[in-house]
Each structure stands twice: as C-alpha cells, then as structure tokens.
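# Inside the fold
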Amino acid sequence: MKVELLYATLTLAAGLFSLGLLGLLLRRNILLAFLSIELMLNAANLNFLAFSRYHNEPTGAIFVLFGICLAAVEAVIGLGLVVRVFRMHQDLGYTNLTALRW
Amino acid sequence: MVTLVALGVFGAIALLGGALAVILRDPVYAVLSLVKTMIGLAAVYFILGAEYIGAIQVIVYAGAILVTFLFVVMLVNLSPQDIPPLPRGLSLYGSVFLSVAWMFILSLALRSVLELPDPAEVSSMPTNEYLFGTLPPIGKALFTAYAFPFELLSITLIVGIVGASLLVQKRNEI
Amino acid sequence: MVTQLLPLAIGLPALSAAIIGIGGLWFAGLRSQRNFLGAVATAIVAISFGIFLSTFLSYTAPLQVRAWDWLAIEPMRLSLGFQIDTLSLWMALVVTGIGALIHLYSIGYMAEEAGSWRYFAFLNLFIFSMLVLVLADSLPLLFLGWEGVGACSYFLIGYWFAEEKNAQAAQKAFIMNRIGDLGLLAGMIWLFAETGTFDISLLRGYIFPADIATGIALLLFLAATGKSAQIPLYTWLPDAMAGPTPVSALIHAATMVTAGVYLVARMDFLFTAAPEALLVVSGIGVATSLIAGLIATRQYDIKRILAYSTVSQLGFMFAAAGAGAYITAIFHVFTHAFFKALLFLGSGSVIHATGTQDIREMGGLRRSMPVTGWTFWIGTLAIAGIPPLAGFFSKDEILAAVYARGSAGESLYFMFWGGLLLVAFLTAFYMGRLTWLTFEGEYRGQSKPHESPAVMTLPLAVLAVGSVVSGLVSVPPLLGSSWLRERWLIQSTKPIPLPPLTHDTEIILIIASVLIAIAGIGTAWLLFRQSALSADEQVSTKLGPLHSLLNEQLGIDQLYEKLFVQPYYVVADFAKDVWGIWIGRWAPKLITVALESAARLLTRLQVGYLPAYVLYFATAGLLLLIWILWL
C-alpha cells in the first residue's frame, strides 16, 4: 500500500516536472517561463514529501518547508528582475535579451 | 484504495492546472490555472498526511507567490496580444518529445533504480501513521536538529527582500 | 624513564637550530653574542649526548617509537618512527659525543666570525639531521635525514660563500651527493615494490632472491659512494675542505661521511644476501683507499691531505663491510671519528695560528703550540695503527676480517688484503710526512704562531684520550673478548660468519700490521727527520711526472669535466637551440590557435535565445540521467 502511494506520487511529480519543462521550452515570455519554473519546483517538493511519507522521516517534510521558503525568495527576486527587464525594453519577450551573446 | 483514488483525482486536477498554465495564452488565466495546481497539490499533501505543509502550500504558494505573479502581470500590463503564440512544427514536437522523455525517466527509471527498503520491513514499522503532518513534531525538528539551516533561511529571506527592493527601485539605475 | 627523554634528545638540536637561526636573522643584537650562541649550541648537543649516554647505560632491549603517521596512502603506510637499537644508539653516541666536542672547539675557532650564528644554527641542524638519519626506523625517514645532512653540508661548505671558489665547492658536493641520493631513492622504491614496506625491522624478516638483493644493494651502495666519498663520486670531499675546519672535522671526517658505512651496516641483511654486491663494495673500498692514499702522499694543503686520508679510511671501512664484517666497519667508524676529528681540529688549530694551509710554510710548530703538537702526534700514531692506540685495533680487525674472508675460499679477498696492507703503509707514511713537515724541524712561515685558547685545546685533549683508549672496546679475540662485537652490535647487525683464524695466523697478521705501520712511520722518519722540506722536494723531483700527476689528484676532476660536464653542456645547448625554438615557440602557438578555433566553434552554441539554453540543459540532463541510471 505504501509503495503504491509512493509510486503514484512520484509519477505525479514526474508529470508536473515535465509539464514545467515543456512550458519552459514553449513559452516565449519571461513571466510565463517563470510560472513553469514554479511548477518544476513544486514537483521537486512533492518528491521530497513522498519519500518523507514513505520512510516516516522528518527530513523530507522540513525540506519541503525550506523549499517553499526558497520559492518565495526566488519569486521575489525573479519578479524583480522581470519588472526591471520590462522597464528596460517595454517587452517581456526573449528577443531583446542578447547582451551576453557572442 | 480510497487514498489512491483520491490521490488520482487531485493529482489529475493539479496536472490539468499545470497543462493549462503552459497552454493558455492569456497570462491572467495561466496564473489562475497554476493556482488550481497549487490547491490540487495541497490536497495531495493532505492525502499523504502532511496537513501542515498542505496548509502552508495554500497560504504561501497560492496566497502569496501567485498573487505576486498576478500583481506583476497587472503592473507590466501584460495583455494576451503581447504573448507570442505557441510554436508549431519541429520545435513543438521536439519539446513535447523531450518532456515526455523526462517524464519517462523520472517516473519509471528512477523508481526501478531506487533502492527502496523491503516492503515487509516498512509495514512492520511500529506505526503506519505519518508522524510529521502536524505542527508539533515539525516544530520540534525545526528548532532542534534543523535550527541552523532554519536561521540561514531567515538570512536568505532578508537578502531576498533587500535584493528585490534594490532591483526594482527607480532611482540610480544599476 | 630515560626513553621518555629521547624525543628531547632528537628535537632539542632542531629547536636550538631554529631559535639561533631565526633569532640571528631578525635580531642583529643576538648575532654579536657569539660566545653565548656557541655555548647554547654546545650545551644543547651535550644534553643530547647525556640523554643518549644514559639510554646506553640502561639499555636492555631494542625499542621502536612511532611518533605519528606521515603518509597513509593504502597500501602504503608510512609512519614516522625512531628505532633505538644497539647500532643506532652507538652511532647516535658518536654523533652527539664528537659533535659536542667540535661545537665547543668552534666557539674558539669562530670567535672572530661575524656570521657565527649562521654557523651554529647549521651545525645544530646537522646534528639533528644526522640523528634522524641514524635513528630512523624506516627508509624514507632515513632518506630525510640523509638529505638533511647533505643540505647542512652544503650550507657549511659554502659558509664563506663570498668567495666563488667556496660556493662552487659547496655546489659540487651537493650535486655529487644528489647523484648518489638517486641510488638511495631508487633502491628504496625497489625495496618497497618487492616487499610492500619501508620499515627496516620488517624488511629484515624478508628473504630476498640473490639477483634482486644484488640490484638493490648496488643502488644503495651508489648512495653510500656519494655520501661517503668513494669511487666514482669521491671528488667532492677534498674540495669540501673549503668550509671552516671544525665543519670538516665533524661532517667531512667524523660523522656525515660515515653515513654510507652506516647504511651498509643497517641494511646488512640485504648485502649478506648479495655476495656479488659485497665483492663490489670491497673492491671499490680498496681501490678508493689505495688511490686516495697515493694522492695524499703528494699534497701540500694540510686539510687536503687529511681529506684524502678520510677518503682512504672510508675505503678501509667499506672493505670491511664488503667482507661481511659490518661490525668491524662500524668499529672503524668509531675509532676513526676520534682520531680524524682530532687531526682535523689540530689542523684547524694550526691554521688558526699560522693563517695558512700550506705545510711548506709550517714546520717546528710543536715548540710554539705544544698541546696541538702532542695531540696531533697522538692522532698520527693512532691513524697509522701503532699499538696500543685506537687505529691499531680497528685496522687489525679489518685486515683480519678481509684475510679470513680470503681464506674462506674467495681468493679475490687476498688481493684486497694485500691492497689494504699497502694502504696501511701509505697511511703511516703520509701522516708521518705531514706531521714532520708541520710540527718538526724549523719554522718556515712568516707569522708568529701561538697556542690556541683553552676552549680549543680542551676538545683536542679529550679527543686525544679517545684516540688512545677507544680501541679497547674491541680488542682482538687473542687478547681478550671483543665487547663491542659479542655484547653490543651483534644484536642488531649480523655479520657473515667467517672461518676462525688459527692463533698463529692471527699473531702473524697482528705482527704484519704493526710492522707495516712502523715501516710507514719509519720511512717518513728516515726521509724527513732532517731538513724535511728539502727532502720532500727531492722526492718530488725523483718522482717527476708521477709527482705532478698525484699532486694534480690524478686529473679526475678534469676527466669528469670532459666526460660529463661538457656533454651536458652540449645537450643543454641542443635543448636551448632546437628544443627551445621548435617546442618552446611553436608548440604553445599551436595549442593556442587550436583552442581558439575550438572556442570559436563552441560560441556558435551561444545563441542568446533562452529556450535554446533550456533545450541544451534539458537534453544534457536527460543524457546524464540515462548515463547514471543505465550505463
């Protein structure tokens, strides 16, 4: 029973992760790419919690808490960057962001 | 069995929300469908027995982070016309193939390779109840074994706040 | 109780070297306190000697002290440890005992030197390194001490480095020693490859096949020829006399140069297993002894004569070791340390008084410096082998051992025995010549010689007493039992058993060696008792070209110059011209051009479009996962 629960959760997490990856590959907009990253982060959190449940161990749960906190920080910084980029280019597409190109 | 069915239902809701967030052209809709994903995930956490983390998931993710997203969407005045349509052809199929491959690797291969303990041993554990769903055990762990990472996290939060306010302030361009 | 003080005995000289060296470097005020620095250095070595002496008096069983793990790279475990057994303790006693006396002497000898802080720091460092060498329980630690004494020898030969000649002598000694050290390193590594251990006491338990033992033993002997100045690497020792005379006495006569003999005695099990290597050791020893003895007869520099005499006596020791009589070799190390240190310190006293090293400008010095004169005479008689002085016992034991080896069926050793007899004659002769030319007859120099201060004559007196009595630790079986052999060194060094000589043979051998010694001294007496210098010049003219050949030290240096140094220059020039231009100029260019074009290709990947980077990342991550999970 526990193993089935673990496998189901892992599959769900894998699905969320690959959806996030797909979004990152397809959306040509920084803000929406950012949304996809949040999705991937949640998939990782779900994995942590699944194993925490399976082993009845606190570490995974604590990691999820930390992960959520870091996601908050990351969102703040990332959205700050988005605002900044928008101010510079009046646009959130990728085409303008070529300063580091060869 | 009921747990598995419930997990399937709420997992499907979360996946649907994620798929919509990737597909929908209107950014406001995309963010809102991600809120749906977060709520579905919170339900999954509840099903797994982690009530506290499920609550945090709703409060922080759905309540704070995604609202900030919405706020930014409003701030930069992003309309559906500003969003380029999804690509077609090779890049679409390539991307889908890559994602499916990741899905395959992560769900099947990881599972087959992970060295999980003997199910008999797991079921012989003293209690089948998940111990860390409620606040007291998590709080105890946070303030004893994980006290130092916890403090580091607070520093990270402060750095994030200061960094973000530096990033978006208008005067003296960085 | 005493064993707990042993780390102190080893560490104190290092500590005092560091304090004197660093203190002298930073505090100019300390440098001028020459007598104080000298007294501290001397006291430290004397304390060390005291600890070793009390260890010696209370010695019961071998002791191995592991200090700490040096390297632990499985399967190699290298622990830093010291081994107190009869052989190493005996050597430590010689090193610290003679060392303390020479330190004391140096206070007087270096009294006028501004840089004596440097001198005493290095002298103490030398004592420390030598103790590490003799007390080490594993070959790498022994090697550390081996290199340490080499470095100290380099520093002290080049003590007056302002003169280029001295600096070059120091470099010569250093480089010649490095050639030998390569042998020690290679032998050590080979031993490890064979046995998997560096620990000497463990190595002793192994049974080596003869061919491997021969190879390793010859490599170790190469190291011994470097450190102990044997053919083909002996030429550095006469030049090493550029250093202060007490240094010559301590490092280049009494202790460091005997490290090679010690190495052979320490690794006796290996040499015993390799008869061919033993033959080489004896042969090289006799040949070196003979050549150095011949050269010594036609030199005019007092220190150079003594240097060649040292080379010759070291050859004697190796001849004994090659006969399998390791204990006898160590016995000669012991007695030789006394009388050669005495002779060097005496020559230092003479140089101090007359300001020259040329014996043609000396003569009659016994009247103006009686203590030096009489003690020098004792040293001369001791090295010549006049009974009952120390040299007689050890030399006689060597001759008897080589003869016994010959009578055991290896007739080559009879030849060695004959050669050694000739060397004994030569030794007595050149020492007689040196002493007559220096201390007897009329004074031929310009300055007014005077006796040295008590701080210098006291060590001379002590060493003179040692030169008289030190042979008594091992008297021939005929006259009583050999304490050194039967009770002491046999515990840690197993000589090859030799057929016992009959009493008659033994008496004949003793009489022969005494007669040879008396003949040598007597020839010198006949030639030089009146008008020493003119007699010597007559000998030179009679010898003609042979004299100039010997006086030029057989031209070995020039030969080496032609054989090794010039070809080396040719190779170096080739490297500079061909290698330098083609490899040095074009190869880096080629590499940079290749790298640059490769980098240019790679920058094409950097398209500046975010989903492309995500694509790289996802693809690479996927491949990595597949690799980790399935491959």
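Residues numbered from 1 in each chain as written. Chains lettered and ligands numbered in written order. Predicted model: local features only at pLDDT ≥ 70, side-chain atom pairs only at ≥ 80, totals over all residues.

### A few points about the overall build of chain A
Formally: Put simply, DSSP marks the helices as runs of H or I at least four residues long and the strands as runs of E at least two long, and each gets a number from the N terminus on. Counts of 20 or more other C-beta atoms within 10 Å of a residue's own C-beta define buried residues, counts of 12 or fewer define exposed ones, and intermediate counts define partly exposed ones; C-beta atoms are placed from the backbone. Contacts here follow a simple rule: the backbone-placed C-beta atoms of the two residues must lie within 7 Å.
Within chain A, the secondary structure is distributed over three helices and zero strands. Along chain A, helices and strands appear, N-terminal first, in the series α-α-α. Counting across all 102 residues of chain A, residues that qualify as buried make up 53%. Within chain A, residue pairs in contact and separated by at least 24 positions form 45% of the contacts whose partners lie at least 6 positions apart.

### Remarks on the overall build of chain B
Tallying secondary structure elements over chain B gives seven helices and zero strands in all. The N-to-C order of helical and strand elements in chain B reads α-α-α-α-α-α-α. Buried residues in chain B amount to 28% of all 174 residues.

### Focus on the interface of chain B and chain C
Keep this limit in mind: Lys, Arg, Asp and Glu make up the charged group, whereas Ala, Val, Leu, Ile, Met, Phe, Trp, Tyr, Cys and Pro make up the nonpolar group; the residues left over, Gly among them, are polar.
Every contact between the two is made by six residues of chain B and, on the other side, six residues of chain C. Here the side of chain B that touches chain C is built from residues that sort into six nonpolar, no polar and no charged.

### What to know about the interface of chain A and chain B
With 60 residues of chain A at the contact, the number on the chain B side is 71 residues. For the side of chain A that touches chain B, the secondary structure elements donating two or more residues are helix H1 (2–26), helix H2 (30–55) and helix H3 (58–89) of chain A. When residues in the side of chain A that touches chain B are grouped by element, the largest group, 22 residues, is from H3 of chain A. Class assignment for the residues of the side of chain A that touches chain B results in 42 nonpolar, 12 polar and six charged.

### Regarding the confidence of the model for chain B
Residue and element names in this part refer to chain B. Operational definition: Within a predicted model, pLDDT stands for the predictor's per-residue confidence, ranging from 0 to 100.
Here chain B shows a mean pLDDT of 85. Residues at 70 or above account for 86%. Per-element confidence in chain B is highest for helix H2 (residues 27–48), whose mean pLDDT is 93, and lowest for helix H5 (residues 119–123), whose mean pLDDT is 57. Prediction confidence for the complex, expressed as pTM and ipTM, is 0.69 and 0.90 respectively.

### Notes on helix H19 (residues 390–407) of chain C
Residues and elements named next belong to chain C. The condition is simple: Multiplying one less than the number of residues by 1.5 Å gives the expected span of a helix.
Across its 18 residues, H19 extends 26 Å between first and last C-alpha, which sits within 8% of the 26 Å expected from 1.5 Å per residue. Along H19, 16 of the 18 residues are buried, which leaves the element largely enclosed by surrounding structure. Immediately downstream of H19, the backbone of Gly409 shows phi near 110°, a positive value.

### Focus: the pairing of strand E1 (residues 63–73) of chain C
All names here are of chain C. Here is the rule: When DSSP finds two or more bridges between a pair of strands, those strands are recorded as paired.
Burial within E1 is sparse, with just zero of its 11 residues counted as buried. In terms of strand pairing, E1 meets strand E2 (residues 76–84) through nine bridges, oriented antiparallel. Residue pairing across strands places Trp68 opposite Leu80, the latter belonging to E2. Linkage of E1 to E2, two consecutive antiparallel strands, is achieved through a turn of two residues.

### Here's the deal with the environment of Ser228 of chain C
Residue and element names in this part refer to chain C. Summarising the element assignment, Ser228 is placed in the loop between helix H9 (210–227) and helix H10 (236–239). Accessibility expressed as a C-beta count within 10 Å gives 30 for Ser228, which makes it buried. On a C-alpha basis, the gap between Ser228 and Phe318 in space is 9.4 Å, while along the polypeptide they are 90 residues apart. Leave out the neighbours within four places in its chain, and Ser228 touches Val257, Thr258, Ala259, Gly260, Val261 and Leu314.

### Some words on the environment of Glu112 of chain C
Positionally, Glu112 of chain C belongs in the loop between helix H4 (86–109) and helix H5 (116–135). On a C-alpha basis, the gap between Glu112 of chain C and Arg34 of chain C in space is 8.6 Å, while along the polypeptide they are 78 residues apart.

### Overview of the nonpolar core
Within soluble globular proteins, side chains that are nonpolar tend to cluster in buried spots. Residue and element names in this part refer to chain C. The condition that has to hold: For the purposes of this analysis, a nonpolar core is taken to be any set of buried Ala, Val, Leu, Ile, Met, Phe, Trp, Tyr and Cys residues that are connected through C-beta atoms within 7 Å.
Judged by nonpolar contacts, the single largest core of 196 residues is most densely connected at Val264, Ala320, Ile330, Ala341, Val402 and Leu420. Counting residues per element, this core draws most heavily on helix H16 (residues 326–354), which supplies 17 residues. With near-sequence residues (within four places) excluded, Val402 lies in contact with Ala319, Ala320, Ala323, Tyr413, Phe416, Trp417 and Leu420.

### Here we look at unusual backbone geometry
Most peptide bonds take the trans configuration, and most residues that are not glycine carry a negative phi. Residues Ile231 of chain C and Pro232 of chain C are joined by a peptide bond in cis, for which omega reads 5°. Residue position: Pro232 of chain C is located in the loop between H9 and H10. Residue Pro387 of chain C is joined to Pro388 of chain C through a cis peptide bond whose omega torsion reads 0°. In the Ramachandran plot, Asn56 of chain A falls in the positive-phi region, its phi being about 55° despite a non-glycine side chain. Within the secondary structure layout, Asn56 of chain A lies in the loop between H2 and H3.

### Some details on the packing of H4 of chain C against H16 of chain C
All names here are of chain C. Heads up, the rule is: Comment: axis = line fitted to C-alpha atoms, over the contacting stretch for helices; angle = value between 0 and 180 degrees taken between N-to-C directions. By the definition adopted for this analysis, an angle is roughly parallel if under 35 degrees, roughly antiparallel if over 145, roughly perpendicular if from 65 to 115, and oblique otherwise.
Taken N-terminus to C-terminus, the directions of H4 and H16 make an angle of 5°; their axes are 11 Å apart at the nearest point. With respect to each other, H4 and H16 are oriented roughly parallel. For the pair formed by H4 and H16, the contact residues are Leu87, Trp90, Val94, Ile98, Ile102, Tyr105 and Tyr109 on the first element and Ile330, Phe334, Ala337, Ala341, Leu345, Gly348 and His352 on the second. For the contact of H4 with H16, the per-class residue count stands at 12 nonpolar, two polar and no charged.

### Some points on H1 of chain A
Residues three or four positions apart in an α-helix share a direction because the helix packs 3.6 residues into each turn. Taking 1.5 Å per residue, 25 residues should reach 36 Å; H1 of chain A reaches 36 Å between its end C-alpha atoms and fits that length. Burial runs high along H1 of chain A: 18 of the 25 residues are buried.

### Some details on the packing of helix H11 (residues 245–254) of chain C against H16 of chain C
Residues and elements named next belong to chain C. To be explicit about the condition: Should the near helix be turned anticlockwise from the far one by less than a right angle, the crossing is left-handed, and should it be turned clockwise, the crossing is right-handed.
Where H11 meets H16, the axes come as close as 8 Å, and the angle between the chain directions of the two elements is 160°. Here H11 is positioned roughly antiparallel relative to H16, judged by the angle of their axes. Crossing of H11 over H16 shows right-handed handedness. Of H16, the residues touching H11 (which contributes Thr245, Pro246, Ser248, Ala249, Ala253 and Ala254) are Ala337, Lys340, Ala341, Phe344, Leu345, Ser347, Gly348 and Ile351. Taken together, the residues that form the contact of H11 with H16 break down as nine nonpolar, four polar and one charged.

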